[in-house]
Amino acid sequence: MKIAASFLDIKEPKFREVTKLSNLDVDYLHLDVMDGIFVENKTYSYDEFREIVKYTTKPKDIHLMVSNVKKYIDEFSKFNPEFITFHLEAVDEVNGVIRYIHEKGIKAGISIKPSTDIIEIINYLDCVDLVLVMSVEPGRGGQSFIPDSVKKIEQLYNIRSQQNYQFLIEVDGGINDETIKKCDKADICVVGSYITKQDYSEAIKKLRD
Ligand code: DX5
Ligand code: ZN
């Protein structure tokens, strides 16, 4: 299981803490991008994110919680990330957005909110590189894991093996040393406040156990 660290809940100074986090045993740095429209909260501007990512050498996993998806893809593709993930609920023309990310040479992820069913993304599973299952309502860190998310992960896992698809399964929200065990069929777990609320390296060790 790979770990993508989210620094959404880190207090200032971000740069020092992101450096610290990036030097630890995590596989990706997860960037939560919120526009104040698709979700209520707003995170940094592109320029601020650009400063922050100077402090990491980890592959970047970008989670767009935004409405104007293409504008943000144009900006954040400049970071040369491993993945750019957008929300199904935010776009009309899903195939076009997947193609748009692929044309930039970046792996494309699709994310669904807790209330969205797997059936809604079934037609895109052959062409996406990652499916991000939100295990909390997108918009803020520190919420409790929604147990039903486990079923979605298992559904995706089964579809993938039956159809021989290639996408990775990622889960995001409320992951700690207990809930991570329930998500053992996911490939990547996004972890925010569980790491940043305690000694970072101790937390990562506990997640790895
Ligand atoms: C929530 C974000 C998550 C969040 C995870 O909308 O997408 O990435 O930072 O934080 P925790 O691990 O605290 O739920
Ligand atoms: Zn996220």
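All values reported here derive from a predicted model rather than from experimental measurement.

## So, the coordination of the zinc ion (ligand 2)
Around the zinc ion (ligand 2), the donor atoms from the protein are His30 (NE2), Asp32 (OD), His63 (ND1) and Asp172 (OD), and they sit 2.1 to 2.3 Å away. In this structure, the zinc ion (ligand 2) is surrounded by six donor atoms whose angles at the metal cover 71 to 169 degrees, and the resulting shape is octahedral.

## Comments concerning the pattern of salt bridges
Scanning the model with the defined rule gives 12 salt bridges in all. For aspartate 74, the salt bridge identified is with lysine 104, shortest N-O distance 3.1 Å. Highlighted residues: aspartate 74 in helix H3 (residues 69-76) and lysine 104 in the loop between helix H4 (94-103) and strand E5 (107-112), separated in sequence by 30 residues. Exposure remark for aspartate 74: the relative accessible area of 31% places this residue in the partly exposed category. The partner of arginine 160 in a salt bridge is aspartate 187, with the nearest N and O atoms 2.9 Å apart. Here arginine 160, found in helix H5 (residues 149-163), pairs with aspartate 187, found in the loop between helix H6 (179-182) and strand E8 (188-191); they are 27 residues apart in sequence, far enough to count as distant. Residue class for arginine 160 comes out buried when judged on its relative accessible area of 14%. Looking at aspartate 187, the relative accessible area reads 22%, which means it is partly exposed. Several salt bridges share partner residues, and in doing so they unite Arg16, Glu17 and Lys20 into one network.

So, how was this worked out
- Residues numbered from 1 in each chain as written.
- Chains lettered and ligands numbered in written order.
- Predicted model: local features only at pLDDT ≥ 70, side-chain atom pairs only at ≥ 80, totals over all residues.
- Heavy atoms only, no water.
- Donors = N, O, S within 2.8 Å, 3.2 Å for Na, K, Ca; no water.
- Tetrahedral: all angles 85-135°; square planar, octahedral: opposite > 155°, others 65-115°.
- Salt bridge = Lys/Arg side-chain N within 4 Å of Asp/Glu carboxyl O.
- Helix = DSSP H or I, 4+ residues; strand = E, 2+ residues; numbered from the N terminus.
- Buried < 20%, exposed > 50% of the residue type's maximum accessible area, 1.4 Å probe, protein only.

Geometry only, nothing functional implied.
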